[in-house]
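An overview of the molecular structure
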Amino acid sequence: MGKVYLVGAGPGDPELLSLKAYRLIRDADVLLVDNLVLGVKRMIPEGKKVIDIGKTATAHKYSQAEINELMVELASRYETVVRLKGGDPFVFGRGGEEALYLKEHGVEFEIVPGITSAIAVPASFSIPLSYRGVSSSITIITGHEMEDKEENLNWGAIASLKGTLVILMGVGNLGKNVEELLSHGLHADTPVAILENGFTPDARIVTGTLGNIVTVAKREGVKPPAIIVVGDVVRLRAKLSE
Ligand code: SAH
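Let me sum up the structure you'll find in this document. Just so it is clear, the structure is predicted and the values come from calculations on it, not from any experiment.

Take the overall build of the chain next. Scanning the chain for helices and strands turns up 8 helices and 10 strands. The C-alpha radius of gyration of the chain comes to 19 Å, within 12% of the 18 Å expected for a compact globule of 242 residues. Expressed as a percentage of contacts within the chain between residues at least 6 apart in sequence, the contacts between residues at least 24 apart total 67%. Treating the 26 positive side-chain charges of the chain as one cloud and the 30 negative ones as another, the clouds have centres 4 Å apart.

Dropping the structure here:
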């Protein structure tokens, strides 16, 4: 029985892979790769066995159950199985579920953390998520809750934090999420930035306020993958990128 490495591939820039991730990519007998991992794919040596299980929000090529079963099956045939996931495997990447499945099926595994897009993409657009005197907390939430589950985000608590809010998978539900923040007391003039396709040639920032961002996003045709940053730190970008 082989071992499965759940490896964080970072936010898309191959230079932001950890040394360990890089070593494992080269040592792997087989790789399971998400399509979120962009330039990183080019780091995989030619001739490696690669299974692309990339999925988008709309079209699932592989279901999560199929991915889980595939990992166990590969571990029975190969010594080193590398499951390469965008960002960090334990930040909204379902890495926890995959690890638990492996555990329950008696497959040895190891988590290799990665640089999460939640922090790295804002940095690439000169937005520091924390800043003395401006924001002393960073809250990362998913804007796309499971549909078959009761809503469990406490918007009242989130809106009262006065820090920086980072929303992943939030483009589809932008209107609803903005509405929640406004109705729970955030000001309409709170700055918002939407960061599309970080670390790719298509990287783009769209800015506005809670009051106008839904209109602006629609006008600009904002699409996933994107990270939404809500809070006063968004204003620092102007100073840092002058
Ligand atoms: N585990 C990943 C997140 C997986 S959830 C991590 O730690 O980065 C997928 C979401 O991450 C996307 O919907 C988007 O909100 C965000 N995301 C990932 N890569 C991104 C990128 N390069 N640019 C913008 N957003 C990105």
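Within the open sheet, the 5 strands sit side by side as β3-β2-β4-β1-β5. Their pairing is parallel. Of all strands in the sheet, those bounded by a partner on one side alone are β3 (49-52) and β5 (108-112). Averaged over all adjacent pairs, the angle separating strand axes in this sheet is 20°, with direction ignored. Note that strand β1 (residues 3-8) and strand β4 (residues 80-85) share 6 bridges and pair parallel. Residue V7 lies in a different strand from β4, and its bridge partner there is L84.

Two elements in contact, helix α6 (residues 174-183) and helix α7 (residues 213-220), have axes separated by 10 Å at closest approach and are oriented at 165°. The orientation of α6 relative to α7 falls into the category roughly antiparallel. Regarding α6 and α7, the two cross each other, and that crossing is right-handed. Of the residues in α7, those in contact with L174, G175 and V178 of α6 are I213, V214 and A217. Tallied by class, the residues present in the contact of α6 with α7 amount to 5 nonpolar, 1 polar and no charged.

Our next topic: the pattern of salt bridges. Close approach of charged atoms lets side chains of opposite charge pair. Scanning all chains against the criterion turns up 14 salt bridges. The salt bridge involving R83 is made with D34; its shortest N-O contact spans 3.2 Å. With R83 in strand β4 and D34 in the loop between β2 (30-33) and β3, the pair connects residues that are 49 residues apart, well separated along the chain. Taken as a pair, R83 and D34 share a single burial class, namely buried. Of the charged contacts in the structure, one is a salt bridge between E73 and R77, with a shortest N-O distance of 2.8 Å. Here E73 pairs with R77, and both are found in helix α2 (residues 64-77), just 4 residues apart, close to one helical turn. Classification of E73 as partly exposed rests on a relative accessible area of 35%.

This part covers α6. Taken residue by residue, α6 has L174, N177, V178 and L181 as its buried positions. Projected down its long axis, α6 carries its buried residues within an arc of 100°, all on one side. Here the buried face of α6 lies against α5 (155-160), β7 (164-168), β8 (191-196), α7 and β10 (226-230). G185 sits one or two positions beyond α6 and adopts a positive phi of about 110°.

Parameters at a glance
Residues numbered from 1 in each chain as written. Predicted model: local features only at pLDDT ≥ 70, side-chain atom pairs only at ≥ 80, totals over all residues. Heavy atoms only, no water. Helix = DSSP H or I, 4+ residues; strand = E, 2+ residues; numbered from the N terminus. Rg over C-alpha atoms; globule rule 2.2 N^0.38 Å. Contact = heavy atoms within 4.5 Å. Lys, Arg positive; Asp, Glu negative; His and termini not counted. Charge placed at Lys NZ, Arg CZ, Asp CG, Glu CD. Pairing = 2+ DSSP bridges. Axes fitted to C-alpha atoms, helices over the stretch in contact; angles between N-to-C directions. Parallel < 35°, antiparallel > 145°, perpendicular 65-115°, else oblique. Left-handed = near helix turned anticlockwise from the far one by under 90°. Nonpolar A, V, L, I, M, F, W, Y, C, P; charged D, E, K, R; others polar. Salt bridge = Lys/Arg side-chain N within 4 Å of Asp/Glu carboxyl O. Buried < 20%, exposed > 50% of the residue type's maximum accessible area, 1.4 Å probe, protein only. Arc of directions from axis to C-beta.

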